[in-house]
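Results of the structural survey
Here is what each chain is made of, one letter per residue.
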Amino acid sequence: MVAAGELSPGALAPVLAVLLLLAGGPLVLLWRRHVRALRRHDREVADLTRRLSAVLAGGRDAVLVHGPAGVVEANEAAAALVEVPRQALLGARVEDLPVRWISETAQPLTPATVFARPTFVGPTQPPPLVVGAVPASGAAVRWVQVTTRATSSAEGRQELVTGFTDMTGPREVRAALARSEKQFQAAMENAPVGMALLDPRWRLEQVNNALSQLLGADPRSLQGRDLSALSHPEDRAAERAAVHRLLSGEAERFTLEKRYLRSDGQTVWVVLDVVLVRTENGEAETFVAQLRDVTESRMQAELLAHRAMHDALTGLANRALMQETLERALQHPDVTGRVAVLLVDLDEFKPINDTYGHATGDEVLVHVAGVLRAATAGRGTVARLGGDEFVIVVEDRDAGRVSFEVAGAVHAALRVPVRTQRRRVPVHASIGVAIADPAAVTPSARAMLAAGDTALYRAKASGRSCTVVYDRSMGSSASSKLAVAAELAAAIEAGELLLHYQPMVDLATGDVVGHESLVRWQHPERGLLLPGAFLPTVTETGLGMALNATVVRQAVQHLARTADLGRWLSVNIAAEHLGDGQLVTQIVQDVRSHGIAPGRLVVELTEGSLGDPGSRVRQEVAELRAAGVPVLVDDFGTGAAPLAYLRDLPVDGVKLDMSYAAGIPEDPVAARVSRALGALAREMGMVTVAEGIETAEQASFMHASGWRYGQGWFFGAGQSEPVLQLAYRPTAPVPDTLVDHVPHPRVEEHGQAAVVRTVGPPAGEGRTASRA
């Protein structure tokens, strides 16, 4: 029996069960919560593992996780680096990987060096390690930057993570940049032109040797200097303006032809080419400048420009410059009395040339040019029109007074004979003056010159050696010229125009082989007149055809009278008189009617009158040659296109212009051109004649240069009767030059005719027609 207040065993069991249930509930809840946390952690670990695997698989860098037991993890990039499959890579020791490591200097490296964790002491971190991976397959080296860091595994093991960043591309870029920089520096230092690098403030940072030599300064002294400070003061503003346009973006580069001052004070001309290099954000970084020395070419261009506007003999202005000066002066708004022209013509100059020779005549002309300069004294422009004709353009507020002063000074100076070659040669001049005055002369260059020419003609007619001023009562020079033209036409009709004969000589033997016919006017009152006195009138008044007819007729008659001599005779014909068939027909008829042998009559066409030879001119030249009348190009080397004449015209030979012989031996350019033109003509199988020979030295040089025949004052002036023999003989044998090895013409005697043929080319390769 259970006592009151006590529980029986049967009642105790439920109570214990309730107590146990109350006590175990929280434990179950805690256990279930723990299980859910573990599952969540596993999922997070799995997610992290997947993400890490994705990063390793998709990354470009190679990654190896390794420890004492070997490679624990690796991505595909690491497998590709060492050329081993990824699964085979896992567990492998880094020392056993099939790859060889080298340094940037190609020195071998151990795997321990490559995969070791870097240690350093101090505040500065060492530069990253860059190594080359050389696969066992022999593939190209891959350059990588190595980074190794320590980590721990889940089990607490110490492991290392080594990453390899591919540096092959950046390394190649750096190498290419280094090569480019080296090449640029080498090119800059060895460039034949000046080069410089300048900062955005136009200060020199680097210069090469060529630039320092150009500026005559040490390279170190140039660094830091403003380049424009070295410029010629007159060119400095243009240079700075061009630099400003580059800096402002108006232009990307510029080119200037300008002057710089050397350290010794000399001026040099350069072509300055500049380009501006900008940074990625468009800021100005560096100027690259190139300075090419053009001083010599500039001087040559200025010399050519000077020659184009000045007379070669006297250095005075030529007709073109005089015309330009006069037209500019006449543009003054109040020109009346401010401009005057003086036309100066020497009296009896032709006899000086005929008596003493062209060399003396040239000395006289040079002396007269000095007289005119001194008389003008800077108050005008002195020009030579040609021959012995000069013009002075006076510009002054009182041009009339100055003109009289200049004319008086000229007459006074010419009262003293000219001393030349131990001779005293008297020289006088006639002067015609025209002063700009609308009441008397139209203020134009043409009218002023015409008025001066009329006054000059009046001065000549008034006894010469005097000055005449134009007035309206004189009329125009045209009436005077018409009177001269009428007189000349009558003279041609009356047979007053005669031929003189200047010999042509074989330079090898000294024998006279032919003559050139020179026309003279036997004036009944003025005596024997040379061509300069009447040929301009012939040209201006259209008497050329009549003059040609009488010259050809007299030449053929002379050849008929001297048939037994066998020498040829040449006549000068202007090319503008060809083309209508009339002149050629007359020449052919005269030759045939007088029975002139082929090759004895020769036609010389002046090169300056050829212009652009049309098909009709070529046809008529061919007709002359077919009739046995050879054709030579006269004054060869003075036209614009001598090669075109030789190519397009069926001519037989050339006569070198006398200006080339005049420059020998002093002028080396004339000598070289003479040799070149002679070689050209000989190469084409042509006769070669050198004109203007006045010394034995010139004759020997022309012979040595390949010119077969010679003509000039040295062999004799034009005579009324032809000279058949000369005392001249070559003083020395021809040196072994081109003339010994190229074809040259020879004269063959065939009965009464002398025919020049070409020796050398086989039949069919050279021209076979008769030569002059």
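Residues numbered from 1 in each chain as written. Predicted model: local features only at pLDDT ≥ 70, side-chain atom pairs only at ≥ 80, totals over all residues. Heavy atoms only, no water.

**Here's the deal with unusual backbone geometry**
The line we're drawing: Elements are defined by DSSP. Helices are runs of H or I of four residues or more, strands are runs of E of two residues or more, and each kind is numbered from the N terminus. Each residue gets one of three labels from its accessible area relative to the maximum for its type: buried under 20%, exposed over 50%, partly exposed in between, using a 1.4 Å probe on protein chains only.
Even without being glycine, Ala-106 reaches a positive phi, approximately 70 degrees. Tracing the chain through its elements places Ala-106 in the loop between strand E3 (99-102) and strand E4 (108-109). Residues other than glycine seldom take positive phi values, yet Ala-377 does so here, at roughly 55 degrees. When you line up the elements, Ala-377 lands in the loop between helix H12 (358-376) and strand E14 (380-386). For Ala-377, a relative accessible area of 53% puts it in the exposed group.

**Section: the sheet that holds strand E7 (residues 158-166)**
Applied cut-off: One bridge is not enough; two strands pair if DSSP finds at least two bridges between them.
On the basis of which strands lie adjacent, the open sheet formed by 7 strands has the order E2-E1-E7-E6-E5-E3-E4 and antiparallel pairing. Where the open sheet ends on each side, the last strands, each with one partner, are strand E2 (70-74) and E4. As judged from the 4 bridges shared by E3 and strand E5 (residues 129-135), these two strands associate in the antiparallel manner. Each bridged residue has a counterpart across the sheet, and for Arg-100 the counterpart in E5 is Val-134.

**Examining the packing of helix H17 (residues 544-561) against helix H18 (residues 582-593)**
Note the cut-off: For helices, the axis comes from a line fit to the C-alpha atoms of the stretch in contact; other axes are also lines fit to C-alpha atoms, and the angle between any two N-to-C directions lies between 0 and 180 degrees. Throughout, the term roughly parallel applies to angles under 35 degrees, roughly antiparallel to angles over 145, roughly perpendicular to angles from 65 to 115, and oblique to all others. Should the near helix be turned anticlockwise from the far one by less than a right angle, the crossing is left-handed, and should it be turned clockwise, the crossing is right-handed. Residue contacts are counted whenever heavy atoms from the two residues lie within 4.5 Å of one another. Residue type decides the class: Asp, Glu, Lys and Arg count as charged, Ala, Val, Leu, Ile, Met, Phe, Trp, Tyr, Cys and Pro as nonpolar, and the leftover types, Gly among them, as polar.
Across the interface, H17 lies against H18 with an axial gap of 10 Å and an inter-helix angle of 15 degrees. Taken together, H17 and H18 sit at an angle that is classed as roughly parallel. Of the two possible hands of crossing, H17 and H18 adopt the one that is right-handed. Only Gln-582, Leu-583, Gln-586, Ile-587 and Asp-590 of H18 make contact with H17, whose side of the interface consists of Met-545, Asn-548, Ala-549, Val-552, Arg-553 and Val-556. For the contact of H17 with H18, a count of residues per class yields 6 nonpolar, 3 polar and 2 charged.

**Regarding helix H22 (residues 668-683)**
The condition is simple: Expected helix span is given by 1.5 Å per residue-to-residue step, counting one fewer step than there are residues. By arc we mean the arc of the directions from the helix axis to the C-beta atoms, nothing more.
Between its terminal C-alpha atoms H22 stretches 23 Å, which fits the 22 Å expected from 16 residues at 1.5 Å a residue. Residues of H22 that are buried include every one of Ala-670, Ala-671, Ser-674, Leu-677, Gly-678, Ala-681 and Arg-682, and no others. The arc that holds every buried residue of H22, seen down its axis, measures 135 degrees, which confines them to one face. Buried residues along H22 sit against strand E25 (631-636), strand E26 (653-656), helix H21 (658-662), strand E27 (687-690) and helix H23 (696-704). One or two steps after H22, the chain reaches Gly-685, where phi turns positive at roughly 70 degrees.

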